[in-house]
Amino acid sequence: MHKPRCFLSRVGFFSKSGLLYWCPGKPPYWSQLLWGSACKGTFTKSCQRGQKSQKKPSHIGTIDSSWEERLADVVTPLWRLSYEEQLKVKFEAQKKILRRLESYLQKFNGVKVTTAAPKSEGLCFLLHPIIPSPVIDGYRNKSTFSVNRGPDGNPKTVGYYLGTWRDRNIVCVRSNHLKNIPEKHSQVAQYYEVFLRQSPLEPCLQFHEGGHWRELIVRTNSQGHTMAIVTFHPQELSQEELCVQKETVKEFFIRGPGAGCNLTSLYFQESTRTRCSHQQSPFQLLFGEPHIFEELLGLKVRISPDAFFQINTAGAEMLYRTIGKLSGVNSNTILLDICCGTGVIGLSLAKNTSQVLGIELVEQAVEDARWTAAFNGITNCEFYAGQAEKILPQLLKSKENGQLIVAVVNPARAGLHYQVVQAIRNCRAIRTLVFISCKPYGETTRNIIELCCPPNSDKKLLGKPFVLRQAVPVDLFPHTLHCELVFLFTR
């Protein structure tokens with residue numbers, strides 16, 4: 001197969017259909033207006049403590065405060081409270097969730113909650129105080145920005161949604177005022193909006209309506225490196241026309257107005273679905289480094305475009321230390337890390353255990369975990385790419401040598417597959433289970449009930465039930481109602 005070719009001339013890029021024309025040396029008139037306003041130094045400045053001020057396009061006007069407040073109330077509903085007050089609200093919310101969970105354990109399937117464990121806050125297990133986030137503002141290392149009609153009706157507005165598709169009242173509001181988003185992310189989003197508004201191609205608001213430009217993902221690390229991922233619906237464009245669009249957005253962020261974002265890497269993904277993995281539709285590197293790196297718990301960690309990594313890096317360190325303490329791993333145990341992402345939990349505890357086994361669905365994340373292990377000289381880790389429900393049963397059978405296994409599970413919000421729960425329940429070597437959830441209800445509740453219920457042959461839950469011993473709330477999401485809950489189960 002021949003690779004698609006871009007046609008170049010001395011004056012710029014062109015396509016046979018004339019979809020878009022961009023001249024790096026001398027931008028056309030419709031770009032000069034925006035170029036001038038973005039390069040003459042007429043910027044608004046907003047700087048958080050400890051962060052450098054970033055330049056912003058002057059054409060971005062102020063949004064009506066009512067829109068800003070409405071968005072802040074939806075995305076960061078606790079933003080008006082002091083952080084101390086936020087922690088009190090969150091702790092009370094976690095207690096309510098845990099009391100509801102305890103009542104489910106008592107009612108469903110005849111589960112009886114043991115009173116052998118230490119008790120606190122009126123619960124039959126130990127609830128620890130909430131662990132605060134070391135960083136309160138601008139803590140997100142990954143943000144996803146949507147494209148849709150703004151309050152002024154412009155369909156090329158980049159921000160966050162207000163409203164619902166069901167009620168057909170979706171409005172896209174710029175999000176640079178949100179307290180949890182770093183200024184760098186807002187800067188890249190605003191320049192993406194500049195790019196969209198000078199592009200003759202329409203945004204893809206709904207797949208059946210046509211259009212092309214879709215969401216923007218921005219990832220950053222603690223060193224200030226920035227990865228941007230542009231999502232694009234190809235519709236009926238030819239490979240030649242797609243190549244022109246890729247070159248155009250690349251030029252915009254290298255030599256055009258977007259150069260001020262100082263991107264470390266820019267990716268482009270052609271996607272005909274709401275979400276596509278790298279395997280379904282590859283992330284195409286337009287320029288820069290293919291990965292972003294982070295320093296965490298003494299490790300240098302590699303992160304690919306679609307790999308899962310906790311969005312609050314400093315908070316993640318607190319979370320992983322908590323997991324390590326609760327797990328009780330030692331040189332005689334195997335650590336089984338299910339839904340391991342880039343493998344940081346297992347890698348950070350590898351020196352304390354005999355072996356680490358990690359399972360992760362996203363192949364790129366597994367490659368990251370293997371790279372991180374090799375770079376940091378960790379040799380007792382094995383990582384497997386694929387669905388946990390297919391890999392785990394066979395993996396556990398291969399480890400039936402009497403050695404104790406400590407399992408750590410950090411599933412997506414959909415919870416664990418029932419076959420994963422069965423495999424954990426039926427493996428006698430697993431006596432300690434650490435379960436992490438940012439959504440401790442819904443499917444997570446079902447998972448926990450099945451882990452703790454009496455043996456049930458109909459459900460193929462044959463092993464001894466687990467007992468909930470401790471719960472630790474860890475705040476990774478200041479200004480929001482969300483919190484990570486770390487559960488310790490033993491049997």
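Scroll up to find the structure.
Computed from a prediction, not measured in an experiment: that's the story for all the values here. Each chain has its residues counted from 1, running along the sequence as written. The model is predicted, so local features are restricted to residues of pLDDT at least 70 and side-chain atom pairs to those at 80 or more, both for listing and for counting; the totals for chains, interfaces and linings are taken over all residues. Derived side-chain values reflect all non-hydrogen atoms in the structure, with water molecules and hydrogen atoms excluded from consideration.

Description of the sheet that holds strand E19 (residues 484–490)
Okay, step 1: With mixed pairing, 8 strands are arranged side by side in an open sheet as E3-E18-E19-E17-E16-E13-E14-E15. The open sheet has two free edges, formed respectively by strand E3 (126–127) and strand E15 (381–385), since each of these has just one partner strand.
Okay, step 2: Helix H8 (residues 363–375) rests against strand E14 (355–360) and E15 of the sheet, and its axis sits at about 170° to E15. Strand pairing follows a simple DSSP-based rule, namely that at least 2 bridges must link the two strands. In this text, helices come from DSSP runs of H or I with a minimum length of four residues, and strands from runs of E with a minimum of two, each type numbered from the N-terminal end. Between two residues, a contact is recorded if the distance between any of their heavy atoms is within 4.5 Å. The convention used is that axes are lines fitted to C-alpha atoms, helices contributing only their stretch in contact, and that angles between N-to-C directions extend from 0 to 180 degrees.

Examining the environment of Leu 178
Okay, step 1: Checked against the element boundaries, Leu 178 lands in the loop between strand E6 (171–173) and helix H4 (183–198).
Okay, step 2: Here the term buried applies to any residue with accessible area under 20% of the maximum for its type, exposed to any over 50%, and partly exposed to those in between, with areas from a 1.4 Å probe on protein chains only. The exposure class assigned to Leu 178 is buried, which follows from its relative accessible area of 2%.
Okay, step 3: For the pair Leu 178 and Leu 71, spaced 107 residues apart in sequence, the C-alpha to C-alpha distance is 8.2 Å.

Regarding the packing of H4 against helix H5 (residues 239–254)
Okay, step 1: Where H4 contacts H5, the axes come no closer than 11 Å and their chain directions differ by 135°. Looking at the two axes, H4 sits oblique to H5. The handedness of the crossing between H4 and H5 comes out as right-handed. Seen from H4, the contacting residues are Tyr 191, Tyr 192, Val 194, Phe 195 and Gln 198; seen from H5, they are Thr 248, Val 249, Phe 252 and Phe 253.
Okay, step 2: Here the contact of H4 with H5 is built from residues that sort into 7 nonpolar, 2 polar and no charged. When an angle is under 35 degrees it counts as roughly parallel; over 145 it counts as roughly antiparallel; between 65 and 115 it counts as roughly perpendicular; any other value is oblique. Take the far helix as the reference: if the near one is turned anticlockwise from it by less than a right angle, the crossing is left-handed, and if turned clockwise, right-handed. Each residue gets one label: Ala, Val, Leu, Ile, Met, Phe, Trp, Tyr, Cys and Pro are nonpolar, Asp, Glu, Lys and Arg are charged, and the others, such as Gly, are polar.

Let's talk about helix H9 (residues 388–397)
An α-helical turn contains 3.6 residues, so any two residues separated by three or four positions project in the same direction.
Okay, step 1: Those residues of H9 lying buried are Ala 388, Glu 389, Ile 391, Leu 392, Leu 395 and Leu 396. Down the axis of H9, the buried side of the element spans an arc of 160°, and every buried residue falls inside it. For H9, the exposed residues lying more than 90 degrees away from the buried face are Lys 390, Gln 394 and Lys 397.
Okay, step 2: Contacts made by the buried residues of H9 are with strand E13 (333–338), E14, E15, strand E16 (404–409), helix H10 (418–426) and strand E17 (430–437). The arc refers to the directions leading from the helix axis to the C-beta atoms.

What to know about the environment of Arg 149
Okay, step 1: By secondary structure assignment, the location of Arg 149 is in the loop between strand E4 (142–148) and strand E5 (157–162).
Okay, step 2: Of the residues examined, Arg 149 reaches a relative accessible area of 42% and is grouped as partly exposed.
Okay, step 3: Taking the C-alpha atoms as reference, Arg 149 lies 8.4 Å from Leu 205; in sequence the two are 56 residues apart.
Okay, step 4: With residues up to four places along the chain from it excluded, the contact list for Arg 149 reads Asn 154, Pro 155, Thr 157, Val 171, Cys 172 and Leu 205.

Some points on the environment of Lys 459
Okay, step 1: Secondary-structure assignment places Lys 459 in the loop between helix H11 (443–452) and strand E18 (467–474).
Okay, step 2: Judged by its relative accessible area of 34%, Lys 459 is partly exposed.
Okay, step 3: Sequence spacing of Lys 459 and Gln 422 is 37 residues, and the spatial spacing of their C-alpha atoms is 8.1 Å.

Topic: the nonpolar core
Okay, step 1: Counting residues in hydrophobic clusters, the biggest one holds 47 residues, and the most contacted among them are Leu 319, Tyr 320, Ile 323 and Val 486.
Okay, step 2: Of all the elements, helix H6 (residues 313–327) adds the most residues to this core, at 5 residues. Throughout this description, the term nonpolar core refers to a set of buried Ala, Val, Leu, Ile, Met, Phe, Trp, Tyr and Cys residues connected via side-chain atoms within 4.5 Å.

Side note on empty space enclosed by the protein
Okay, step 1: Detection works on a 1 Å grid of protein atoms alone, calling trapped sets that fit a 1.4 Å probe cavities and calling open sets with protein on both sides within 12 Å along at least five of seven lines pockets, with lining residues defined by an atom within 4 Å of a point. Grid points are joined across faces, edges and corners, and a volume is the space filled by probe spheres set on the points. According to the stated counting rule, one finds 4 cavities of 30 Å³ or more in the structure shown.
Okay, step 2: Here the largest cavity is characterised by a volume of approximately 70 Å³.
Okay, step 3: Lining of the largest cavity is provided by Phe 308, Phe 309, Tyr 320, Cys 339, Cys 340, Gly 341, Thr 342, Val 344, Ile 345 and Asn 410.
Okay, step 4: For the lining of the largest cavity, the class distribution of residues is 7 nonpolar, 3 polar and no charged.

So, a nonpolar patch on the surface
Okay, step 1: Patch rule: a residue counts if its relative accessible area is over 30% and it has no salt bridge; like charges are joined within 9 Å, and nonpolar side chains (Val, Leu, Ile, Met, Phe, Trp, Tyr) within 5 Å. Every accessible area reported is derived by Shrake-Rupley at a probe size of 1.4 Å, with residue values counting cover from the shown protein chains alone. By convention in these notes, a salt bridge is any Lys or Arg side-chain nitrogen within 4 Å of a carboxyl oxygen on Asp or Glu. On the surface, Leu 81, Val 89 and Leu 481 cluster together into a nonpolar patch covering about 230 Å² of accessible area.
Okay, step 2: With respect to the helices and strands, the residue Leu 481 is situated in the loop between E18 and E19.
Okay, step 3: Residue classification places Leu 481 among the exposed positions, given a relative accessible area of 51%.

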